[in-house]
Amino acid sequence: MTQGSQSFGSGGEGGVVLTADAIAAELGGELLGDPLTEVHGIAPLDRAGSAELSFLASPKYAPLLAGSQAGVVLVTPELSQSPGATRARIVVPKPHDALLALIPRFYRPARHETGIHRTVEIGIGTGIGTGVTIGPFAVIGAGAQIGDGTIIDAHAVIGAGVRIGNDCHLFAGTTAYSGTVIGDRVVVHSGARLGSDGFGYVFRDGRHEKIPHVGRCVIGDDVEIGANTTIDRGSIDETVIGSGTKIDNLVHIAHNCRIGRLCLIMAQVGIAGSARVEDGCIIAGQVGISGHHTIGKGATIAAQAGVFGDIPNGQTWSGYPARPHKESLRAHAALFKLAPLVRRIERMLDGDRGSSDKNR
């Protein structure tokens, strides 16, 4: 194969083989080493083989390069001379970003044939755009609207009157209840449930009486919703997910919540009813947020924090109950000192008791 060429023979999932100099040219990086080194896939430094591409972006992982078998490594200028026997290195300012640009070259998404499977159930009054794909045994409720280029996989259920924008992808087994509105370019992974009733009851006449939920669940543009995540509809208000927000697997967002734009919400987060999460927030795994509180714009909440009050704009909070991160660290440090302190006090008390016994 000639320098800089591509082969569509025995490559990765996409069947693509790239040479080091072709990668360097595409990324605008500086090539160090053999320009003809070929790679057909991507792997971590410690598991990459001689025909795979890897990356090094942090000094923390520099020791892994010494033993790596990777054929080509994307590396920052600061780490470009780190010890290692890789055949070629490509120096780029941000290896992570460069890797994102290359992944689609090696691992191409599965192609979908446009059309509606013969087993699909479609209600009356639906509107289906051009270039739509609907897989086996999906159910489309009466009056639903599906935008151009959208893919709905097998066994998905789209409720009556649901509106789905253009170029969305609802994976197998997803459900959008009536009252759900989905913007453009939204990805919903398998098992997600959008627009289910919130958990609202009034204790009356000796029983828990259900509060009717008649609000909507509104998903903005460019949102991604992870597998088995649930987002409730509003009671009389709306539950809203802002454009560009990304939600991980196994997240629960309760009724009347409003999540801002460009937020990141990690796995197993629970957000109680009527909470507000403003634009650009990061909520790490297993955080719990109690209802009717506001997380300020650009705030970060560390993993497993329990939030029982408002958080100001731009601050990082952690711990249980959540508090400013430095304050939380000091509290934990003090707690760790408590056991040795108690033991010292116990020894002092034992000594005082012994002295008293001798004086009797």
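See the structure shown above.
Reference entry: report on the structure contained in this document. (Residues numbered from 1 in each chain as written. Predicted model: local features only at pLDDT ≥ 70, side-chain atom pairs only at ≥ 80, totals over all residues. Heavy atoms only, no water.)

1. Quick word on the pattern of salt bridges
All chains considered together, the criterion is met by eight salt bridges. Among the charged side chains, a salt-bridge network with shared partners connects Arg-204, Arg-207 and Glu-209. (Salt bridge = Lys/Arg side-chain N within 4 Å of Asp/Glu carboxyl O.)

2. Points about the nonpolar core
Generally speaking, soluble globular proteins have nonpolar side chains that are buried together. Ranked by size, the top nonpolar core spans 49 residues in total, and within it Ile-219, Ile-253 and Ile-271 carry the most contacts. Ile-219 has contacts with Val-181, Ile-182, Gly-183, Val-186, Leu-194, Ile-225, Ile-231 and Ile-241, leaving out every residue within four places of it along the chain. Grouped together as the second largest cluster of nonpolar side chains are 17 residues, Val-16, Ala-88, Leu-99 and Phe-106 included. (Core = buried A, V, L, I, M, F, W, Y, C linked by side-chain atoms within 4.5 Å. Buried < 20%, exposed > 50% of the residue type's maximum accessible area, 1.4 Å probe, protein only. Contact = heavy atoms within 4.5 Å.)

3. Some thoughts on the sheet that holds strand E2 (residues 30-33)
Read from one edge to the other, the open sheet built from five strands follows the order E2-E7-E6-E5-E4, with strand pairing classed as mixed. The open sheet has two edge strands, E2 and strand E4 (41-42), and neither has a second partner. Pairing analysis gives four bridges linking strand E5 (residues 52-56) to strand E6 (residues 72-75), with the strands arranged parallel. Bridge assignment links Ser-54 to a residue of E6, and that residue is Val-73. Along the sheet, helix H1 (residues 20-27) makes contact with E2, E6 and strand E7 (88-91), crossing E7 at roughly 5°. Here helix H3 (residues 95-106) sits on the sheet in contact with E4, E5 and E6, set at roughly 165° to E5. (Pairing = 2+ DSSP bridges. Helix = DSSP H or I, 4+ residues; strand = E, 2+ residues; numbered from the N terminus. Axes fitted to C-alpha atoms, helices over the stretch in contact; angles between N-to-C directions.)

4. Digging into the packing of aromatic side chains
Scanning all chains against the criterion turns up three aromatic pairs. Summarising the aromatic geometry, the rings of Phe-199 and Tyr-201 are spaced 5.1 Å apart at their centres and angled 70° between planes, so their arrangement reads as edge-to-face. Arranged with centres 5.5 Å apart and planes meeting at 80°, the rings of Phe-308 and Tyr-320 form a pair that is edge-to-face. Here Phe-308, found in the loop between strand E38 (306-307) and strand E39 (316-318), pairs with Tyr-320, found in the loop between E39 and strand E40 (323-324); they are 12 residues apart in sequence, far enough to count as distant. Using a relative accessible area of 62% as the deciding quantity, one classes Tyr-320 as exposed. (Phe/Tyr/Trp six-rings, centres within 6.5 Å; stacked < 30°, edge-to-face > 60°.)

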